[in-house]
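Observations on the three-dimensional arrangement
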Amino acid sequence: MPQIPEKVHELTVGQLSARSGAAVSALHFYETKGLISSRRTSGNQRRYSRDTLRRVAFIRAAQRVGIPLATIREALAELPEERTPTRDDWAHLSEAWRSELDERIKQLNRLRDHLTDCIGCGCLSLDSCVLSNPDDVFGDHLTGSRLLPEKGRR
Ligand code: FES
């Protein structure tokens with residue numbers, strides 16, 4: 001990864017991409033989702049403050065452990081004055097995300113274990129298939145066609 005000299009306070013999207021390892025398209029996506037921001041030059045080119053590098057590292061690290069972008073955005077928005085996350089911020093947030101990840105890992109383990117039963121089955125039944133309805137989310141209060149009016153009321 002190329003180094004950016006300390007005296008450079010703003011980065012082009014290419015520099016940000018090269019230094020962070022994130023594709024330019026991903027950076028644009030993060031920007032459209034409000035995770036990072038830039039200013040425009042008179043020539044309408046994006047310039048990112050240097051601390052965007054740390055923000056992108058934070059986003060990518062969180063994504064790597066399976067945190068959805070919406071959750072990452074909420075976490076970043078809660079930081080005072082939208083400052084760049086510090087080491088303490090990461091420690092605090094990753095602790096909060098841990099139980100969410102533990103739950104997701106449990107669900108994935110359950111799905112993996114049930115997948116063996118589904119191989120060669122293919123029923124995908126809303127009532128009984130462990131892949132289509134792993135937690136029997138409808139079974140507790142509704143079944144079959146009764147789901148349609150329920151959807152319309154939302
Ligand atoms: S595909 Fe039949 S039980 Fe899942």
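Here's what I pulled together on the structure shown here.

Some remarks on the nonpolar core
Judged by nonpolar contacts, the single largest core of 24 residues is most densely connected at Leu16, Leu27, Tyr30, Ile36, Ile59 and Ile72. Contributing elements (two or more residues each) for this core: α1 (13-20), α2 (24-32), α3 (52-64), α4 (69-78) and α5 (87-118). Broken down by element, this core gets its largest block of residues, 5 residues, from α3. When residues no more than four places from it in sequence are discounted, the contact partners of Ile59 are Tyr30, Leu35, Ile36, Leu69, Ile72 and Leu76.

Remarks on the packing of aromatic side chains
Given two aromatic rings, one states the distance between the centres and the angle between the planes to describe the pair. For the structure shown, the criterion picks out 3 aromatic pairs. Centroid distance Phe58 to Trp97: 6.2 Å. Interplanar angle 55 degrees. Geometry classified as tilted. Of this pair, Phe58 sits in helix α3 while Trp97 sits in helix α5, and the two are 39 residues apart along the sequence. With relative accessibility at 6%, the residue Phe58 sits in the buried group. Geometrically, the ring pair formed by Trp90 and Trp97 is edge-to-face, given 6.1 Å between the ring centres and 80 degrees between the ring planes. On the basis of relative accessibility, which here comes to 28%, the residue Trp90 falls in the partly exposed class. Note on Trp97: relative accessible area 6%, which makes it buried. Clustering of aromatic rings is evident, with ring pairs tying together Phe58, Trp90 and Trp97.

Rules and cut-offs
Residues numbered from 1 in each chain as written. Predicted model: local features only at pLDDT ≥ 70, side-chain atom pairs only at ≥ 80, totals over all residues. Heavy atoms only, no water. Core = buried A, V, L, I, M, F, W, Y, C linked by side-chain atoms within 4.5 Å. Buried < 20%, exposed > 50% of the residue type's maximum accessible area, 1.4 Å probe, protein only. Helix = DSSP H or I, 4+ residues; strand = E, 2+ residues; numbered from the N terminus. Contact = heavy atoms within 4.5 Å. Phe/Tyr/Trp six-rings, centres within 6.5 Å; stacked < 30°, edge-to-face > 60°.

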